[in-house]
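Listed here are the chains, written in short residue letters.
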Amino acid sequence: MAVEQRFIEKIYKNDRVAVSRGISMVENEHRDAVELLRNLYPRTGRAYRVGITGPPGSGKSTITNRLGSLYRKRKQSVGIIAVDPSSPFTGGALLGDRVRMADLELDEGVFIRSMASRGSLGGLSKKAREAADILDAAGCDMILFETVGVGQSELDVVRAADTVAVVLVPESGDSIQAMKAGLMEIADFFVLNKSDRAGAEAAVRAIKTVLTLRPQSDGWSPDVIQSVATKGTGIERVAELIAAHSKHIRDKGILKAKRRDRAVERVRELVSDRIRTEFWDERREKMLEAQVGAMLSGNSTPYDVAERLVKDFKG
């Protein structure tokens, strides 16, 4: 069944039911999802995409909520994609967007969607990036990605966002954790949330010290700002830094280069997915199963089996 033009037009008009249905098609790998994305792609590229990431319990959801409210006061439309841990039973998101962002759910200018990470160690499901394309085509001005708080592996967010904010808290040695996780490399700026707690000033100094060791190649120097998101403190400053970084990468041509690289990476992913799907047909699955015994007995190796399977694929 082809995607109806009427359905596509509804997405262009930001019809909430159509947008929701489109995202569900992508998330559930509906047979028409690729055609839908192909039709919508020419209308993407206008929205600015912001990644909000960091360790668990740092207050990412609260900051995202407050930031969304701020943009709405400025008459900007907002899309929020909250990537949650996958349920081991259903594969769905364990945490509900309406539980965490109830303040925004009734606002017609905000579209909020929770998506399961589906095992993505980088904290951001590939489907979330495709969902962002739908929100982009629907006319969102700002798209906020709030990633799973896995702490050590959130680097996928760089592949989706134009600006990345890393949220930390004063306690638990988060500045050291950030160094280990590679968050220092991906952050365009840091938000030390819950900064009314003891140790905030020391944490800011520690992060800034580490940042002096980070090589600067694009002329942008990441700042460290303090916030208390539950009180709304520091949110204006977060928005200011997003705007400043946006201007910087636009003026320097970095945003254009980022989006070019993102498009190339998307093609590589699509090709890999297509080949993987075509490769593992029923016959080659059986070929692999037939060789397991030989590998375990030492009469064959995984390398030999892989070579035979590839030769078979090439025909």
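A few points on the structure. (Residues numbered from 1 in each chain as written. Predicted model: local features only at pLDDT ≥ 70, side-chain atom pairs only at ≥ 80, totals over all residues. Heavy atoms only, no water.)

**Some words on the pattern of salt bridges**
As a reminder of what qualifies: Within this document, salt bridges are pairs made up of a side-chain nitrogen of Lys or Arg and a carboxyl oxygen of Asp or Glu, the two lying within 4 Å of each other. A run of DSSP states H or I qualifies as a helix once it reaches four residues; a run of E qualifies as a strand once it reaches two. Both are numbered from the N-terminal end. Exposed residues in this analysis have more than 50% of their type's maximum accessible area, buried residues have under 20%, and partly exposed residues fall in between, with area computed by a 1.4 Å probe over protein chains only.
What the rule picks out here adds up to 25 salt bridges. Across the pair Glu130 and Lys127 runs a salt bridge, and its minimum N-O distance is 3.8 Å. Here Glu130 pairs with Lys127, and both are found in helix H6 (residues 126–137), just three residues apart, close to one helical turn. The two residues Glu130 and Lys127 agree in class, both being buried. Across the pair Arg237 and Asp223 runs a salt bridge, and its minimum N-O distance is 3.3 Å.

**Thoughts on helix H13 (residues 302–314)**
Applied cut-off: A helix is expected to span 1.5 Å for every residue after the first.
Along its 13 residues, H13 runs 18 Å from first to last C-alpha, staying within 8% of the 18 Å computed at 1.5 Å per residue. At the C-terminal side of H13, Gly315 shows a positive phi close to 85°.

**Let's talk about the packing of helix H3 (residues 33–40) against H6**
Our working definition: With axes taken as lines fitted to C-alpha atoms, and helix axes fitted only over the stretch in contact, angles between N-to-C directions fall between 0 and 180 degrees. Each angle gets one of four labels, with under 35 degrees taken as roughly parallel, over 145 as roughly antiparallel, 65 to 115 as roughly perpendicular, and the rest as oblique. When the near helix sits turned anticlockwise from the far one by under a right angle, the crossing is termed left-handed; a clockwise turn instead gives a right-handed crossing. For this analysis, residues touch if any pair of their heavy atoms sits within 4.5 Å.
Close contact between H3 and H6 brings their axes to 10 Å; oriented N to C, the two are set at 45°. Overall, the two elements H3 and H6 adopt an arrangement that is oblique. For the crossing formed where H3 meets H6, the hand is left-handed. Taking contact as the criterion, the partners of Leu36, Leu37 and Leu40 in H3 are, on H6, Glu130, Ile134 and Ala137.

**What to know about the nonpolar core**
Note the threshold: What makes a nonpolar core is a set of buried Ala, Val, Leu, Ile, Met, Phe, Trp, Tyr and Cys residues whose side-chain atoms join them at distances within 4.5 Å.
Ranked by size, the top nonpolar core spans 30 residues in total, and within it Ile11, Leu36, Ile81 and Ile134 carry the most contacts. Contributions of two or more residues to this core are made by helix H1 (5–12), helix H2 (16–27), H3, strand E2 (78–84), strand E3 (110–116), H6 and strand E4 (142–146). It is H6 that provides the largest number of residues to this core, a total of six residues. Among the nonpolar cores identified, the runner-up in size contains 29 residues, and Tyr48, Tyr71, Ile249 and Ile254 belong to it.

**A word on the side chain of Ser227**
This is how it is decided: By the criterion applied in these results, polar contacts are pairs of N or O atoms within 3.5 Å in which, for protein atoms, one can donate a hydrogen and the other can accept it, and in which residues neighboring in sequence qualify only through two side-chain atoms.
Along the chain, Ser227 falls in the loop between strand E7 (224–226) and helix H10 (235–251). Given a relative accessible area of 0%, Ser227 falls into the buried group. Among the polar contacts made by the side chain of Ser227, one reaches the side chain of Asn193 at a distance of 2.8 Å.

**Some points on the packing of aromatic side chains**
We describe a pair of aromatic rings using the distance from one ring centre to the other and the angle between the two ring planes. Where we set the bar: Here the aromatic set is Phe, Tyr and Trp, taking the six-membered ring for Trp, and pairing holds for ring centres within 6.5 Å; pairs whose planes are under 30 degrees apart are stacked, those over 60 apart are edge-to-face, and all others are tilted.
A complete count under the given rule lists two aromatic pairs for this structure. Considering the side-chain rings of Phe279 and Trp280, the 4.9 Å spacing of their centres and the 75° angle between planes classify their relative orientation as edge-to-face. When its relative accessible area of 11% is taken as the criterion, Phe279 is described as buried. Ring geometry for Phe279 versus Phe313: centroids 5.2 Å apart, planes at 55°, classification tilted.

**Thoughts on the side chain of Arg266**
Along the chain, Arg266 turns up in helix H11 (residues 254–279). Since its relative accessible area comes to 19%, Arg266 is described here as buried. When neighbours within four sequence positions are excluded, Arg266 is seen to be in contact with Arg129, Glu130 and Asp133.

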